[in-house]
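# What the coordinates show
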Amino acid sequence: MTDGAAAGPPPIRHNDHSPLTPPALGAWEPSLPVSVVIPARGGQHRLDLALAALAAQSYPAHLMEVIVVDDGSDPPLRLPEIAPPGARIEPAAPGGWGIAHAVNTGAARAGGEIVQRLDSDMVVCREHIEALARWHHLAGYVVAIGAKRFVEEPVLSPGEVHDAVRAGSLGEVFDLSAAQASSTEQTIARTNGLRTSRNPYHVCTGPTVSLRREVFHAVGGFDPAVLRGEDTEFAYRLAAHGVVFVPDMDAQAVHLGIPAQRLDRERAVRTVAPYLAQRVPLRRDLRKDPGRQWLVPYVEIVFRLGEDPDPGRVRAAVGAALSGSLPDVVVTLVAPWSKLSENRPGPDDPLFELRLLREHFAHDRRVRLTDEGDGTSAAGGVGGVGGITATPAPIPFRYTGPVSVPLGRDSLERMIAAMQDDRSGMLVVDLGEDGPATLVRTEALGRALLLGATDVTASIEATHGVRHGARADFWPAKDRKDRKDQKAQKTESTGRPGRPGRPEKPAQGARAAQATRAEKAVQPEAAAQPGRAARPEKAAKTAETAQTDKAAEAGKAAKTGQAASGGARPSARVPGRAASAAARRRNWRRNWRSLLRSTLRPD
C-alpha cells in the first residue's frame, strides 16, 4: 500500500476481522506517523534496553517518534546513547501521577496519527511497530495488540540488544525456550485470533497496544483514578466505542522480569476488582453486593416526555424502571426543560406539569433531565440527536420506550438475555399502539458512528444483527393474569384472601356477642327466682375461684422453676396460663348449665 487508510473499509461482524487483509511485512510502504509513548518510573537499565530495540525497527525512522514520560523518577531518567532519532524524555504533567497519567501526558504531546503504548521493560522485535501499524492503514477503528513472553532479565548491554534486534533474532540474547507465555495468547488462540471472542477487550492488557490518536482521545484516554487495571478499563471503553481488536503475533516482544500478578495472583485479582466493578458493568460477577449503586450503570433507560406529559404515567414508568430486577440503571427524561424559565409562572402556565416533574426528579441521582433541544443534561452530558448523547458509552446498553408502557420487573433482564444469546446489536419489541421499544448495544451503536453510517439500524444489522420480539416475550401478561386468577380463587374459596380451602374461624367478637345474647335471654327468669339462681351461681363462682388459684400457683411454680434453671421468660402459652384459661372455660360452662337447670325446674 502506498497511501493512508483505505476508503470505505468493509463492515466487520462483531470482532471477526477476517475481511481485513494486512500487507506482508516489508512488502508495503507506510505513510502514517507513529508516536511511541512509554510511561516510566525508575528502571534506567531496562529503559536503555527497550530504547535500543526501538532504534533497530523496520518502520521508517522519519515516521516514528518515541516519547518517554518520566513519572517522578529519582534520579530523573536520561536518554541513553543508543536510542531512536526521534526519542525524547518528557516529565509527567503536573497535578497527577501513575501509569494512566503518564500515558495521557505522552498522548497529549504526540504528533503521530498512531499512538503506540509500550512498557519501559519491553524489548520488541525488529518488525514490532510495523506489524501493528499496518492494521491502522486498513481501517481507522482498529486496536492492534502485540504479543509478549516473560523472561528473567539476563545481563545484557544495550549494544547487544540493538545488534540482535537489527539481525532479526531476539533468541540470540534471550532464552526464549524458557520464556513464560502470556495467558492472553492462550485466549487469542482459543478464539481464532479474537474473531469469535465475546469480550475481546479482556486481552488488551496494555504492555504493547496501538490505535489511532483520535480514537484515544475520543474515549477520554486513560482514567488516572484507576490505579490498578487501568489497561482493562481503558480497553472496555474502547470496546464500547465500537473498535475492532486485532492481535498480531508477528509483533513479538519479551517482557523483562515476571509480573507481580504471577507471583501473587490472588492479591492481584483482589487489587483490581473494586476498580473494575465500578467502571465495567459487563463484569456482573463483581457486582453482587445487594442494594449498591455503581459509578457506571448497566443500562440507560430513555423516556421522551414532550411538553405536556401525564405526570402519573411518568412517575409510574420511572418507578418501574428503578425498581426492576436490574438495580444498576439510570433513567434519562427527555423534555423541553430549557423552556422552564425561572421567572414567576402565570396562573395558566402551559408547562405547569413539566415544572412539577422537574422538581420531582431533579434531586434523584438516578434520574437525568436532558433537554430535547441541545442535548445538555443535568449530569453534564452533551451532544447527540434528539437531546441525548450519540451513545450512552461507557454504559453498555440503552433502552428507549414509550412512557405509557412501564417496564416489567424483569423486562430489561429478559431483553438483555435475548441479545446476549445471539450477540445481536439491537432488539426491537412491538408494543402495538404504544409504539416500539428498543434496546441497543452501545458497541454496535458506536461501530455505526465510526463507520459514518447514515442509517444506523442498517449498519447495526450488518455488523451485529437486529432482533425483533413480541411484547409477551418481555412483558409476560400471562404471568400477571395467573397471579390475579390465583388471588381470585383464594378469595372465592375462603371468602377473603388467604390460604385456599382453609375454613374461616368465627370472629372473637361474634362469639362474645352470642354469649351476651344468651345470658340476657335467661337473666329475667333467673331474677324471678333469685334464691334458686344464687345458690348454683355462688357455688360455681367458688369453684371457679379455687380453680383459678390453683392455676395461678401452678403458673407461678412453672415461672420459678424456669427462672431457677436460667431459662428465658416464658411465652404466652406456658402451662400455668393455659390451665387457668381452661379452668375459666370449664367453670363458665358449669355455671351456665346450673343457671339453665334452675330456670327450667318446675316449682
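Throughout what follows, the structure given in this document is the object of discussion. Bear in mind that the values here come from a model prediction, so they are computed numbers and not experimental data. (Residues numbered from 1 in each chain as written. Predicted model: local features only at pLDDT ≥ 70, side-chain atom pairs only at ≥ 80, totals over all residues. Heavy atoms only, no water.)

## Points about the overall build of the protein
Which entries qualify depends on this criterion: A helix here means a DSSP run of H or I that spans at least four residues, while a strand means a run of E at least two residues long, and both kinds are numbered starting from the N terminus. Note on classification: 1.4 Å probe, protein chains only; a residue is buried when its accessible area is under 20% of the maximum for its type, exposed when over 50%, partly exposed between these limits. Should any heavy atoms of two residues lie within 4.5 Å, those residues are counted as being in contact. In this description, accessible areas are obtained by the Shrake-Rupley approach with a 1.4 Å probe, and a residue is regarded as covered only by the protein chains that are shown.
Counting its regular elements, the protein contains 19 helices and 18 strands. Sorting the 603 residues of the protein into buried and exposed places 44% on the buried side. In the protein, the proportion of contacts linking residues at least 24 apart, taken out of those at least 6 apart, comes to 74%. As presented, the protein carries roughly 30700 Å² of accessible surface, and 52% of it is formed by carbon and sulfur atoms.

## What to know about the sheet that holds strand 9 (residues 208–212)
Short version of the rule: Between any two strands, at least two bridges found by DSSP are needed for them to pair. Orientation is described by axes fitted as lines to C-alpha atoms, over the contacting stretch for helices, and by angles from 0 to 180 degrees between their N-to-C directions.
Taken in spatial order, the seven strands of this open sheet run 3-2-1-4-9-6-10, and their pairing is mixed. Either end of the sheet is taken by a strand with one partner, and the two such strands are strand 3 (87–91) and strand 10 (244–247). Averaged over all pairs of adjacent strands, the angle between strand axes in this sheet comes to 25°, irrespective of strand direction. Pairing of strand 2 (residues 64–70) with strand 3 involves five bridges; the strand directions are parallel.

## Comments concerning the environment of Gly432
Mapping Gly432 onto the fold places it in the loop between strand 16 (426–430) and strand 17 (436–441). In this structure, the C-alpha to C-alpha distance between Gly432 and Ala470, residues 38 residues apart in sequence, is 9.3 Å.

## Focus: the sheet that holds strand 13 (residues 329–335)
Spatial ordering of the open sheet is given by 14-13-12-15-17-16-18, a layout of seven strands whose pairing is mixed. Edge strands, defined here as strands with exactly one partner in the open sheet, are strand 14 (367–371) and strand 18 (466–470). Going from strand to strand, the sheet's axes swing by 20° on average, the running direction of each strand aside. The pairing of strand 13 with strand 14 spans five bridges and is classified as parallel. Considered in strand 14, the bridge of Val334 is made with Thr370. Sheet strands in contact with helix 13 (residues 442–450) are strand 15 (397–400) and strand 17, and its direction is about 80° off that of strand 17.

## Topic: helix 4 (residues 158–166)
For the record, the criterion: Directions are taken from the helix axis to each C-beta atom, and the arc is the one they span.
Among all positions of helix 4, only Val161, His162, Ala164 and Val165 are buried. Down the axis of helix 4, the smallest arc covering the buried residues is 170°, so these residues share one side. The secondary structure elements touched by the buried residues of helix 4 are helix 1 (44–54) and strand 5 (122–124). Phi turns positive, to about 85°, at Gly168, one or two residues after helix 4.

## Structural notes on the packing of aromatic side chains
For the record, the criterion: Each Phe, Tyr or Trp ring (for Trp, its six-membered ring) is paired with any other whose centre lies within 6.5 Å, and the angle between the two planes then decides the class: stacked below 30 degrees, edge-to-face above 60, tilted in between. Whether a charge sits over a ring comes down to the Lys NZ or Arg CZ being within 6 Å of the ring centre and within 35 degrees of the ring normal.
Inspection of every chain in the model, using the stated rule, returns five aromatic pairs. Taken together, a centroid distance of 4.2 Å and an interplanar angle of 20° make the contact between Phe222 and Phe234 stacked. Separated by 12 residues along the polypeptide, Phe222 in the loop between helix 6 (213–218) and helix 7 (230–241) and Phe234 in helix 7 bring together distant segments of the chain. Residue class for Phe222 comes out buried when judged on its relative accessible area of 4%. You can call Phe234 buried: its relative accessible area is 4%. Feature note: the residues Phe216, Phe222 and Phe234 constitute an aromatic cluster, connected by ring pairs. Here Arg284 stacks its cationic end above the ring of Tyr298, 3.8 Å away from the centre of that ring.

## With respect to a positive patch on the surface
The cut-off we apply is this: Patch members must show over 30% relative accessible area and no salt bridge, and they are joined within 9 Å when carrying like charges or within 5 Å when they are nonpolar side chains of Val, Leu, Ile, Met, Phe, Trp or Tyr. A pair is scored as a salt bridge if a Lys or Arg side-chain nitrogen falls within 4 Å of a carboxyl oxygen belonging to Asp or Glu. Lys and Arg are tallied as positive, Asp and Glu as negative. Neither His nor the chain termini are counted. For the purpose of locating charges, the reference atoms are NZ of Lys, CZ of Arg, CG of Asp and CD of Glu.
On the surface, Arg584, Arg585, Arg586 and Arg590 cluster together to form a positively charged patch. Within the element layout of this structure, Arg585 appears in helix 19 (residues 575–600). Using a relative accessible area of 48% as the deciding quantity, one classes Arg585 as partly exposed.

## Structural notes on the pattern of salt bridges
Inspection of the entire model under this criterion finds 25 salt bridges. Glu65 is the salt-bridge partner of Arg88, the closest N and O atoms lying 3.0 Å from each other. Residue Arg88 is found in strand 3, and its partner Glu65 is found in strand 2; the two are separated by 23 residues along the sequence. Classification of Glu65 by relative accessible area gives buried; the value is 16%. The shortest N-O distance in the salt bridge between Asp422 and Arg467 comes to 3.5 Å. On the criterion of sequence distance, the pair formed by Asp422 in helix 12 (residues 411–422) and Arg467 in strand 18 is long-range, its members being 45 residues apart. With relative accessibility at 36%, the residue Asp422 sits in the partly exposed group. The class for Arg467 is partly exposed, based on a relative accessible area of 27%. The network of salt bridges with shared partners includes Glu65, Arg88, Glu90 and Arg109.

## So, the pairing of strand 1 (residues 34–40)
Applied cut-off: A clockwise course of the path from the first strand over the helix to the second, judged with the strands pointing away from the viewer, identifies a crossover as right-handed.
Strand 1 sits mainly inside the fold: seven of its seven residues count as buried. Where burial is concerned, the two faces of strand 1 agree: the one with Val34, Val36, Ile38 and Ala40 and the one with Ser35, Val37 and Pro39 are both buried. Summarising the sheet, strand 1 and strand 2 pair through seven bridges and their orientation is parallel. Looking across to strand 2, one finds that Ser35 is bridged to Glu65. One crossover worth recording links strand 1 to the parallel strand 2 by way of helix 1, and it is right-handed. Alignment of strand 1 against strand 4 (residues 114–118), held across four bridges, turns out to be parallel.

## A few points about unusual backbone geometry
Residue Asp74 is joined to Pro75 through a cis peptide bond whose omega torsion reads 5°. Along the polypeptide, Pro75 turns up in the loop between strand 2 and strand 3. The backbone of His14 shows a phi angle near 55°, a positive value even though the residue is not glycine. With a phi close to 55°, Asn192 is a non-glycine residue in the positive phi region. Considering the arrangement of structural elements, one finds Asn192 in the loop between helix 5 (183–190) and strand 9. A relative accessible area of 45% means that Asn192 is categorised as partly exposed.

## Quick notes on the packing of helix 7 against helix 13
Working note: a packed helix pair is described by the angle between its axes plus the distance between those axes. What counts here: Each residue is assigned to one class: nonpolar for Ala, Val, Leu, Ile, Met, Phe, Trp, Tyr, Cys and Pro, charged for Asp, Glu, Lys and Arg, and polar for all the others, Gly among them.
At a minimum axis separation of 6 Å, helix 7 and helix 13 run at an interaxial angle of 65°. Note on element contacts: helix 13 touches helix 7 through Thr442, Glu443, Gly446, Arg447 and Leu450, opposite Ala239, Ala240 and His241. Along the lines of polarity and charge, the residues of the contact of helix 7 with helix 13 split into three nonpolar, three polar and two charged.

## A look at helix 5
Looking at helix 5, one finds that the buried residues are Thr184, Glu185 and Ile188. Projection of helix 5 onto a plane perpendicular to its axis shows the buried side chains occupying an angular sector of 100°, all on one side. Summarising the geometry of helix 5, the exposed residues directed more than 90 degrees from the buried face are Gln186, Ala189 and Arg190. Residues of helix 5 that are buried make contact with strand 10. After helix 5 finishes, the residue Asn192 shows a positive phi value of roughly 55°.

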